[in-house]
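Observations on the model geometry
Listed below, chain by chain, are the residues.
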Amino acid sequence: DNLVWEAFTQLQFDQILRIQRRWLLGTGLRFDLRSSPSDEVHLGISYMYEYEQEKDTSVFHRDSRLSSYLSVKKKFSEHVSLSMISYYQPRFDLFSDYRLSLGTGLGFKIAENLSFVLNINLTYDAKPVIDEEINSLTYNIRNGISFKF
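**A look at the side chain of Asp-39**
Along the chain, Asp-39 falls in strand S3 (residues 39-54). For Asp-39, a relative accessible area of 14% corresponds to the buried category. There is a polar contact of 3.3 Å between the side chain of Asp-39 and the side chain of Arg-34. Those residues within four positions of Asp-39 in sequence are excluded, and the remaining contacts are Arg-34, Lys-73 and Lys-74.

As structure tokens, then:
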């Protein structure tokens, strides 16, 4: 009951980081370390294939990566919740080429289906695209209103 087989895919475009296209495809195991109405803790370990095409260059990458994550969710009350997830994604053939990211979300319930949300994401890419203006460490902060149907 505490072990789940997962599969995932993702398609990304990022003008700021000069990524024309990044396609991820992976599969692996998730271990449910804790699951209760107010707390959840999950650990995931997966194989991930990555195809990345850089913007404004002819460079593309086809890499196999380990994708591991730790996910924690905490419900403090009926109205306040916190979620955090961290990823570590090194290449299998070159562990010095890795990504490390941390995402945190804070939610405040306003009404039955309406919440205010604040999300902070921090990402470190040891080998970003070939462009002197691209930093290895990037972040974004977003807030907004969430409505659940």
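On we go from here.
**A look at the packing of aromatic side chains**
Evaluation of the coordinates by the stated rule reveals eight aromatic pairs. Between Trp-23 and Tyr-49, the ring centres sit 6.3 Å apart and the planes meet at 75 degrees, which makes this aromatic pair edge-to-face. On the criterion of sequence distance, the pair formed by Trp-23 in strand S2 (residues 19-35) and Tyr-49 in strand S3 is long-range, its members being 26 residues apart. Taken together, the aromatic side chains of Tyr-88, Tyr-98 and Tyr-124 make up a single cluster linked through ring pairs.

**Some remarks on the sheet that holds strand S4 (residues 60-75)**
What links the strands of a sheet is backbone hydrogen bonding, and the strands pair in either a parallel or an antiparallel sense. Spatially, S1-S2-S3-S4-S5-S6-S7-S8 is the arrangement adopted by the eight strands of the open sheet, whose pairing is antiparallel. Of all strands in the sheet, those bounded by a partner on one side alone are strand S1 (3-14) and strand S8 (137-147). Pairs of neighbouring strands in the sheet enclose a mean axial angle of 20 degrees, with direction left out of account. The pairing of strand S5 (residues 80-90) with strand S6 (residues 98-111) spans 11 bridges and is antiparallel. Its bridge partner being in S6, Ser-83 is matched across the sheet by Gly-105.

**Side note on the pattern of salt bridges**
Under the definition given, this model contains 15 salt bridges. With a shortest N-O distance of 2.6 Å, Glu-50 and Arg-99 are connected by a salt bridge. With a gap of 49 residues between them, Glu-50 in strand S3 and Arg-99 in strand S6 connect regions that are remote in the sequence. In this pair, the class of Glu-50 matches that of Arg-99, namely buried.

**Comments concerning the confidence of the model for the protein**
Looking at the protein as a whole, the pLDDT averages 95, with 100% of positions reaching at least 70. Looking over the protein, one finds the lowest element-wise mean pLDDT in S8, namely 95, and the highest in S5, namely 98.

**Things to note about the pairing of S3**
Pairing of S2 with S3, which is carried by 15 bridges, proceeds in the antiparallel orientation. Paired with Arg-30 across the strands is Gly-44, a residue of S3. Counted between consecutive antiparallel strands, the loop separating S2 from S3 contains three residues. In this antiparallel pair of consecutive strands, S3 and S4, the connection spans five residues, and Asp-56 shows a positive phi of 70 degrees.

**Description of the layout of surface pockets**
Its volume calculated, the largest pocket comes out at about 1,100 Å³. Taken together, 41 residues form the lining of the largest pocket, with Gln-10, Gln-12, Tyr-87, Ser-101 and Thr-123 sitting closest to its centre. Mapped onto the lining of the largest pocket, the elements with two or more residues apiece are S1, S2, S3, S4, S5, S6, strand S7 (114-125) and S8. Broken down by element, the residue count for the lining of the largest pocket peaks at seven residues, all from S1. Considering only residue class, the lining of the largest pocket consists of 16 nonpolar, 18 polar and seven charged. Taken as a whole, the second largest pocket encloses approximately 640 Å³ of empty space. Within the residue set of the lining of the second largest pocket, elements represented by two or more residues are S3, S4, S5, S6 and S7. A class-by-class count of the residues in the lining of the second largest pocket yields eight nonpolar, 12 polar and nine charged.

The rules behind these values
Residues numbered from 1 in each chain as written. Predicted model: local features only at pLDDT ≥ 70, side-chain atom pairs only at ≥ 80, totals over all residues. Heavy atoms only, no water. Helix = DSSP H or I, 4+ residues; strand = E, 2+ residues; numbered from the N terminus. Buried < 20%, exposed > 50% of the residue type's maximum accessible area, 1.4 Å probe, protein only. Polar contact = N/O pair within 3.5 Å; in protein donor to acceptor, adjacent residues only side chain to side chain. Contact = heavy atoms within 4.5 Å. Phe/Tyr/Trp six-rings, centres within 6.5 Å; stacked < 30°, edge-to-face > 60°. Pairing = 2+ DSSP bridges. Axes fitted to C-alpha atoms, helices over the stretch in contact; angles between N-to-C directions. Salt bridge = Lys/Arg side-chain N within 4 Å of Asp/Glu carboxyl O. pLDDT = per-residue confidence, 0-100. 1 Å grid on protein atoms, 1.4 Å probe; cavity = no way out; pocket = protein on both sides within 12 Å on 5 of 7 lines; lining within 4 Å. Points joined across faces, edges and corners; volume = space filled by probe spheres on them. Nonpolar A, V, L, I, M, F, W, Y, C, P; charged D, E, K, R; others polar.

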